[in-house]
Amino acid sequence: MSIITRFFTWWNKATLSTGLWTILYGERVGTDEFGNVYYRRRGGKKDKALGFERRWVIFNGYCEGSAIPQGWYGWLHHTVDTPPTKENYVRREWELPHQPNMTGTPLAYRPPGSQLSTGERTPTGGDYVAWRPEG
């Protein structure tokens, strides 16, 4: 990947500035099954502006928020204090495995009644009557 691409794009991995911030201030916490690497501020130091510990992820490839597993999502968003690497995290039965975000593709979710699912508008009860001004 070229220097120019790394400098100006954030969706292809970390930018150069994020990489530099990570080298200077980051402490590696762990890696998930997708190869994403998770960091926190070195020593768990609280950020003065935020008032809490700064946590971030450097994605393995294309940056997609839905590619973060449930355990890591909770840690990143300060729902839990212990990262999955420090505890025996077990996925719950109702937690589904990761599926990539399909928005904008032919495989995107199309709810019943959507014009994109059937190509036709579903008629409603009285159906639509356009407003016309009097006079």
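Residues numbered from 1 in each chain as written. Predicted model: local features only at pLDDT ≥ 70, side-chain atom pairs only at ≥ 80, totals over all residues. Heavy atoms only, no water.

**With respect to the overall build of the protein**
Then, number 1: Helices and strands together make up the secondary structure of the protein, namely four helices and three strands.
Then, number 2: When its helices and strands are written in sequence order, the protein yields α-α-β-β-β-α-α.
Then, number 3: A burial count over the protein gives 27% of its 135 residues as buried.
Then, number 4: For the protein, the exposed area adds up to about 10500 Å²; of that, 57% sits on carbon and sulfur atoms. (Helix = DSSP H or I, 4+ residues; strand = E, 2+ residues; numbered from the N terminus. Buried < 20%, exposed > 50% of the residue type's maximum accessible area, 1.4 Å probe, protein only. Areas by Shrake-Rupley, 256 points an atom, 1.4 Å probe, with all protein chains shown as cover.)

**What to know about a nonpolar patch on the surface**
Then, number 1: Taken together, the side chains of L20, I23, L24 and Y25 define a hydrophobic patch exposed on the protein surface, amounting to about 400 Å² of accessible area.
Then, number 2: Structurally, L20 is set in helix α2 (residues 16-25). (Patch = residues over 30% accessible without salt bridge, like charges linked within 9 Å, V, L, I, M, F, W, Y side chains within 5 Å. Salt bridge = Lys/Arg side-chain N within 4 Å of Asp/Glu carboxyl O.)

**Digging into the packing of aromatic side chains**
Then, number 1: Taken as a whole and assessed by the stated rule, the structure comprises five aromatic pairs.
Then, number 2: A ring pair is formed by W21 and Y25, whose centres lie 4.4 Å apart and whose planes are at 45°; its orientation type is tilted. Of this pair, W21 and Y25 both sit in helix α2, separated by four residues, roughly a single helical turn.
Then, number 3: Under the relative-accessibility criterion, Y25 is labelled partly exposed at 33%.
Then, number 4: On the basis of an interplanar angle of 55° and a centroid distance of 6.5 Å, the ring pair of W21 and W56 is categorised as tilted. Here W21, found in helix α2, pairs with W56, found in strand β3 (residues 55-58); they are 35 residues apart in sequence, far enough to count as distant.
Then, number 5: The exposure class assigned to W56 is buried, which follows from its relative accessible area of 11%.
Then, number 6: Three or more aromatic residues joined by ring pairs make a cluster, and in this case those are W21, Y25, Y39 and W56. (Phe/Tyr/Trp six-rings, centres within 6.5 Å; stacked < 30°, edge-to-face > 60°.)

**So, the pairing of β3**
Then, number 1: Neither face of β3 is exposed, since R55 and V57 on one face and W56 and I58 on the opposite face are all buried.
Then, number 2: Judged from the four bridges that link them, strand β2 (residues 37-41) and β3 form a sheet pairing that is antiparallel. Looking at β3, one finds that Y39 is bridged to W56. (Pairing = 2+ DSSP bridges.)

**A few points about the pattern of salt bridges**
Then, number 1: Throughout the structure, instances matching the rule amount to four salt bridges.
Then, number 2: Across the salt bridge formed by D47 and R54, the nearest N and O atoms sit 2.7 Å from each other.
Then, number 3: Judged by relative accessible area, which is 10%, D47 ranks as buried.
Then, number 4: Note that R55 and E53 form a salt bridge whose closest N and O atoms lie 2.6 Å from each other.
Then, number 5: R55 gets classed as buried once you look at its relative accessible area, which sits at 13%.
Then, number 6: The exposure class of E53 is buried, given its relative accessible area of 11%.
Then, number 7: In the salt-bridge network here, residues are joined through shared partners; they are E27, R40, E53 and R55.

**Looking at the side chain of D47**
Then, number 1: As for its position among the elements, D47 is in the loop between β2 and β3.
Then, number 2: Engagement of the side chain of D47 in a polar contact is seen with the side chain of R54, the distance being 2.7 Å. (Polar contact = N/O pair within 3.5 Å; in protein donor to acceptor, adjacent residues only side chain to side chain.)

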